[in-house]
Amino acid sequence: MSTIVSSGLDIQKIRDMFPVLHQEVNGKPLIYFDNAATSQKPKSVIDALTGYYEGYNSNIHRGIHTLAEKATTAFEETRKRAQQFINSREAEEIIFTKGTTDSINLVASTFGRKFINEGDEIIITTMEHHSNIVPWQLLCEEKGAILKVIPINEAGEIIFEEYEKLLSEKTKLVSVVYASNSLGTVNPVEKIIAKAHEVGAKVLLDGAQAAAHIVLDVQKLNCDFLALSAHKAYGPTGTGILYGKREILEKIPPYQGGGEMIKDVSFNGTTYNDIPYKFEAGTPNIADVIAFKYAMDFIDELGKTNIAQHENDLLAYSTSQLQTVDGLKLVGTAQDKVSVSSFIVDGIHHFDLGMLLDAKGVAVRTGHHCTQPLMDNFCIEGTARASFAVYNTKAEIDVMVEGLHDIVKKYRK
Ligand code: PMP
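Residues numbered from 1 in each chain as written. Predicted model: local features only at pLDDT ≥ 70, side-chain atom pairs only at ≥ 80, totals over all residues. Heavy atoms only, no water.

1. Things to note about the overall build of the protein chain
- When helices and strands are counted, the protein chain shows 14 helices and 19 strands.
- Computed over its C-alpha atoms, the radius of gyration of the protein chain comes to 22 Å, within 12% of the 22 Å expected for a compact globule of 413 residues.
- Across its three principal axes, the protein chain shows a C-alpha extent of roughly 75 × 55 × 35 Å.
- For the protein chain, the accessible surface area stands at approximately 17,200 Å², while carbon and sulfur atoms represent 50% of it.
- Across the protein chain, 41 positive and 53 negative side-chain charges occur, with their mean positions spaced 1 Å apart. (Helix = DSSP H or I, 4+ residues; strand = E, 2+ residues; numbered from the N terminus. Rg over C-alpha atoms; globule rule 2.2 N^0.38 Å. Areas by Shrake-Rupley, 256 points an atom, 1.4 Å probe, with all protein chains shown as cover. Lys, Arg positive; Asp, Glu negative; His and termini not counted. Charge placed at Lys NZ, Arg CZ, Asp CG, Glu CD.)

2. Here's the deal with the packing of helix 3 (residues 66-86) against helix 10 (residues 286-302)
- Viewed as axis vectors pointing N to C, helix 3 and helix 10 meet at an angle of 40 degrees, and their least axial separation amounts to 8 Å. Between helix 3 and helix 10, the interaxial angle falls into the category oblique. Along this stretch, helix 3 crosses helix 10, giving a crossing that reads as left-handed. From helix 3, A71, A74, F75, E77, T78, R81, A82 and F85 reach across to helix 10, where they touch I286, V289, I290, F292, K293, M296, D297, I299 and D300.
- Residue composition of the contact of helix 3 with helix 10, grouped by class: 11 nonpolar, one polar and five charged. (Axes fitted to C-alpha atoms, helices over the stretch in contact; angles between N-to-C directions. Parallel < 35°, antiparallel > 145°, perpendicular 65-115°, else oblique. Left-handed = near helix turned anticlockwise from the far one by under 90°. Contact = heavy atoms within 4.5 Å. Nonpolar A, V, L, I, M, F, W, Y, C, P; charged D, E, K, R; others polar.)

3. Some details on the sheet that holds strand 15 (residues 328-330)
- The four strands are arranged 15-16-19-18 in an open sheet whose pairing can be described as antiparallel. The sheet is open, and its two edges are formed by strand 15 and strand 18 (365-367), each paired on a single side. Neighbour to neighbour, the strand axes of the sheet diverge by 30 degrees on average, direction disregarded.
- Summarising the sheet, strand 15 and strand 16 (residues 340-345) pair through three bridges and their orientation is antiparallel. Its bridge partner being in strand 16, K329 is matched across the sheet by I344.
- Taken strand by strand, helix 11 (residues 304-322) contacts strand 15 and strand 16, and its axis lies near 10 degrees from that of strand 16. (Pairing = 2+ DSSP bridges.)

4. A short note on the domain arrangement of the protein chain
- Looking at the assigned domains, one finds that the protein chain contains domain 1 (11-38 + 303-412) and domain 2 (46-300).
- Put simply, the middle of domain 1 and the middle of domain 2, counted by C-alpha atoms, are 28 Å apart.
- The partner domain 2 presents 36 residues to the 39 residues of domain 1 that form the contact.
- Buried area between domain 1 and domain 2, summed over both chains or domains, comes out near 2,800 Å², and the portion from carbon and sulfur atoms is 57%.
- The largest per-residue losses of area from domain 1 upon contact with domain 2 belong to K304, V338 and L374, which jointly make up 25% of the total buried on that side.
- The tally of links from domain 1 across to domain 2 stands at zero salt bridges. (Domains from an automatic or database assignment. Buried area = accessible area lost by both parts, 1.4 Å probe. Salt bridge = Lys/Arg side-chain N within 4 Å of Asp/Glu carboxyl O.)

5. Section: the pairing of strand 12 (residues 240-244)
- Buried residues dominate strand 12, accounting for five of its five residues.
- Side chains G240, L242 and G244 of strand 12 all project onto a buried face; the interleaved residues I241 and Y243 project onto the opposite face, where all are buried too.
- Sheet topology places strand 6 (residues 94-97) next to strand 12; four bridges connect them, and they run antiparallel. Bridging from a neighbouring strand, T97 pairs with G240 of strand 12.
- Bridge count between strand 11 (residues 225-229) and strand 12: five bridges; the pairing is antiparallel. Bridge pairing links L228 to I241 in strand 12. (Buried < 20%, exposed > 50% of the residue type's maximum accessible area, 1.4 Å probe, protein only.)

6. Examining the site of the ligand
- The environment of the ligand is made up of T100, T101, H129, S131, V177, N181, D206, A208, Q209, S229, H231 and K232.
- For the ligand, a nitrogen atom lies 3.3 Å from a polar atom in the side chain of H129.
- Q209 places a polar side-chain atom, nitrogen or oxygen, 2.7 Å from an oxygen atom of the ligand.
- Out of a free accessible area of 390 Å², the ligand has 84% covered by protein chains.
- Of the residues assigned to the shell around the ligand, the class counts are two nonpolar, eight polar and two charged. (Near = heavy atom within 4 Å. Polar contact = N/O pair within 3.5 Å; in protein donor to acceptor, adjacent residues only side chain to side chain.)

7. Some words on the sheet that holds strand 12
- Read from one edge of the open sheet, seven strands run 6-12-11-10-9-7-8, paired in mixed fashion. Only two strands of the sheet have a single partner each, and these edge strands are strand 6 and strand 8 (146-150). Ignoring which end each strand starts from, the neighbouring axes of this sheet average 20 degrees apart.
- Sheet strands touched by helix 4 (residues 100-115): strand 6, strand 9 (171-177), strand 10 (202-206), strand 11 and strand 12. Its angle to strand 11, the strand with the most contacts, is close to 155 degrees.

8. With respect to the packing of helix 2 (residues 43-56) against helix 3
- Between helix 2 and helix 3, whose axes approach to 10 Å, the crossing angle comes to 160 degrees. What the angle tells us is that helix 2 and helix 3 run roughly antiparallel. Helix 3 is crossed by helix 2, and the crossing has left-handed handedness. Taken together, the residues of helix 3 that come into contact with helix 2 (itself represented by Y52, G55 and Y56) are L67, K70, A71 and A74.
- Within the contact of helix 2 with helix 3, the residues separate by chemical class into five nonpolar, one polar and one charged.

9. Some points on the nonpolar core
- The biggest cluster of nonpolar side chains holds 81 residues, and the ones touching the most others in it are I86, V174, L205 and Y234.
- In terms of residue count, the dominant contributor to this core is helix 10 (11 residues).
- Built from parts of two domains, this core gets at least three residues from each of domain 1 (11-38 + 303-412) and domain 2 (46-300).
- Not counting chain neighbours up to four residues away, the residues in contact with V174 comprise I123, Y163, L167, I192, A196, A201, K202, V203 and L204.
- Counting residues in hydrophobic clusters, the runner-up holds 24 residues, among them V107, I122, I248 and I275. (Core = buried A, V, L, I, M, F, W, Y, C linked by side-chain atoms within 4.5 Å.)

10. Comments concerning the environment of A36
- Examined against the element boundaries, A36 turns out to sit in the loop between strand 5 (31-32) and helix 2.
- Those residues in contact with A36, other than ones at most four positions away along the chain, are N181, Q209, K232, R385 and S387.

This is how it looks when you write it as structure tokens:
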């Protein structure tokens, strides 16, 4: 492939950092457009994982031997790196979790159990991932609280006036997705947060799809919690973070009980550790946390603004090219989007689209993308979704679109 320079980035050089991209699938060069499900990992992240296991595998925090100290230092380096990555005031406001789902469940189990009571209200949007719906339904069931949902328009944008109408002194929490995995919609989170704070509600942002694409600044946003997964931002699976403001984290009870989260344990009672350790019971996912730092380095070395510019070019290109396909309808046409192209084709089931594209080496996701209420809202079962990362190219989009033309010609009823 010749050198591709886009938004000041040398895309070929970037592609060379990702071993997995250089393979054939079904006899065709792999085109990986399933980045919203999980992005691929650069060699630096993979090397950090093997480097830990081959060089200094050891449990952290409690050991005083050399390997334990090395592992502890590397683990805590990631916390400091994450602090910079989202611009939190302190590293102690960063809790390592299994990922976004775990982070949201942590908030529901701790903040939710302590501060949300009968008759209180929690507001979410129509476009939430199941992981930002079900934990609140469970909490509402337990506490007799009420879940309210902000409606969206045809383009897949929240109707802000409807959100304002839902807010009241009963609202205790607003939990919204920063960028939708199914539609790509970027929500006006700064405005959402400011409005919620006017009625004294706290705000949790689901940053799963924002982390790799949007500059995150929790101080500027003034959100109370932010959840994200490393694996959607070039990092390893099985880890992610929950950011919480210190004053809130200090007031809420621990998530799980066990080692690491305590100061002192006796049969007469236990005192808990300080934040963030109060929320990190047991041996954490040491290797993946350590490797996550290299994913954040990768993103920041390229520059999120450059990444976003390249991805926006890809999104604009795919939006225009996909519309040349007979019977194709885009789902999610918000003004402000991350690089997600969701679509359906009249007369061909999305699963068939996915399988037929896979035969051409193109990996897209199909289904409801864990957003069934959103699909119900559009009266569809699911979509085919192409989601782009920094290593994708317009030439790859051409292959997908040519493939779709071919599929439509052969199979459309
Ligand atoms: N929220 C959004 C917007 C997502 O896209 C996802 C993953 N598809 C999640 C939450 C859940 O993330 P995880 O499975 O990594 O916990």
